[in-house]
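Residue strings, one per chain:
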Amino acid sequence: MIGVLQRVSQARVVVDGRTVGEIGAGLLVLVCAERGDGPAQADRLLAKILKLRIFGDDAGKMNRSVQDVGGGLLLVSQFTLAADTSGGNRPSFTNAAAPDEGRRLYDYFVAQARAAHPVVATGEFAAHMQVQLVNDGPVTIPLRVS
């Protein structure tokens, strides 16, 4: 699975003019399931996200996790993270999980996140979403687990 984390002071997802998910300070996480991924990969990605120390401590060093600071998680499905651009100018998405499998893993990932963390909001799977954020830092971290 692939995750792209952005440390934010606020973020929200809008679908058809309505806000479907919103957080204050925390992490906006773009999530992509790839072919062959399963619950084990989702669990490893979530564990890494929850423990990654990318928030400032009292000395201003990135030494605290989203759990340490009580930040929110905004989880947004994004199959385009699996893009393969090696074959030309049009990306291929054959590495992305099939839509049904991608939805199943995304739903599993969200359920596990909600069981482990108190503030979890989401986008809407397979919808055309507008993601608005204020990146704090900026801090953007790509993660891939297999």
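To be clear, the structure that these remarks concern was listed above.
Description of the structure in this document. All values derive from a computational prediction rather than experimental measurement.

Some points on helix H1 (residues 39-51)
Stage number 1. In this model H1 runs 18 Å from its N-terminal to its C-terminal C-alpha over 13 residues, within 8% of the 18 Å that 1.5 Å per residue would give.
Stage number 2. Listed as buried for H1 are Gln41, Ala42, Leu45, Leu46, Ile49 and Leu50. Seen end-on, H1 carries its buried residues on one side only, within an arc spanning 160°.
Stage number 3. Where H1 is buried, its residues meet strand E1 (2-15), strand E3 (26-32), helix H2 (66-69), strand E6 (72-77), helix H3 (99-116) and strand E8 (130-144).

Concerning the packing of aromatic side chains
Stage number 1. For the structure shown, the criterion picks out two aromatic pairs.
Stage number 2. Ring plane angle 70° and centroid distance 5.0 Å describe the contact between Phe79 and Phe93, whose orientation is recorded as edge-to-face. Separated by 14 residues along the polypeptide, Phe79 in the loop between E6 and H3 and Phe93 in the loop between E6 and H3 bring together distant segments of the chain.
Stage number 3. Take Phe93: its relative accessible area is 29%, and that puts it in the partly exposed class.

Section: unusual backbone geometry
Stage number 1. Omega for the peptide link from Gly137 to Pro138 comes to -5°, which places this bond in the cis form.
Stage number 2. In this fold, Pro138 is placed in strand E8.
Stage number 3. A positive phi angle, near 50°, is found at Asp16, a position not held by glycine.
Stage number 4. Following the sequence through the fold, Asp16 ends up in the loop between E1 and strand E2 (18-23).
Stage number 5. For Ala126, which is not a glycine, the phi torsion comes out positive at approximately 65°.
Stage number 6. Note that Ala126 resides in the loop between strand E7 (120-122) and E8.

Brief notes about the side chain of Gln41
Stage number 1. Note that Gln41 resides in helix H1.
Stage number 2. Those residues within four positions of Gln41 in sequence are excluded, and the remaining contacts are Met1, Gly36, Val145 and Ser146.

Brief notes about H3
Stage number 1. End to end, H3 covers 26 Å across 18 residues, agreeing with the expected 26 Å (1.5 Å per residue, within 8%).
Stage number 2. Those residues of H3 that are buried are in contact with E3, H1, E6 and E7.

Some words on the nonpolar core
Stage number 1. Counting residues in each nonpolar core, the largest one holds 27 residues, and the members touching the most others are Leu5, Leu27, Val29, Ile49, Leu73, Leu75 and Phe109.
Stage number 2. For this core, the secondary structure elements donating two or more residues are E3, H1, E6, H3 and E8.
Stage number 3. Among residues more than four places away in sequence, those in contact with Val29 are Val4, Leu5, Ile49, Leu73, Leu74, Leu75 and Val76.
Stage number 4. In terms of nonpolar packing, the next biggest core, distinct from the first, is built from 12 residues, Val4, Ala11, Leu28 and Leu74 among them.

Section: the packing of H1 against H3
Stage number 1. Where H1 contacts H3, the two axes come as close as 10 Å, and the packing angle between them is 40°. Taken together, H1 and H3 sit at an angle that is classed as oblique. Viewed along their axes, H1 and H3 form a crossing whose handedness is right-handed. Here H1 contributes Pro39, Ala42, Asp43, Leu45, Leu46, Ile49 and Leu50 to the contact with H3, which in turn contributes Arg104, Leu105, Tyr108, Phe109, Gln112, Ala113 and Ala116.
Stage number 2. For the contact of H1 with H3, the per-class residue count stands at 11 nonpolar, one polar and two charged.

Procedures and definitions
Residues numbered from 1 in each chain as written. Predicted model: local features only at pLDDT ≥ 70, side-chain atom pairs only at ≥ 80, totals over all residues. Heavy atoms only, no water. Helix = DSSP H or I, 4+ residues; strand = E, 2+ residues; numbered from the N terminus. Expected span 1.5 Å × (residues − 1). Buried < 20%, exposed > 50% of the residue type's maximum accessible area, 1.4 Å probe, protein only. Arc of directions from axis to C-beta. Contact = heavy atoms within 4.5 Å. Phe/Tyr/Trp six-rings, centres within 6.5 Å; stacked < 30°, edge-to-face > 60°. Core = buried A, V, L, I, M, F, W, Y, C linked by side-chain atoms within 4.5 Å. Axes fitted to C-alpha atoms, helices over the stretch in contact; angles between N-to-C directions. Parallel < 35°, antiparallel > 145°, perpendicular 65-115°, else oblique. Left-handed = near helix turned anticlockwise from the far one by under 90°. Nonpolar A, V, L, I, M, F, W, Y, C, P; charged D, E, K, R; others polar.

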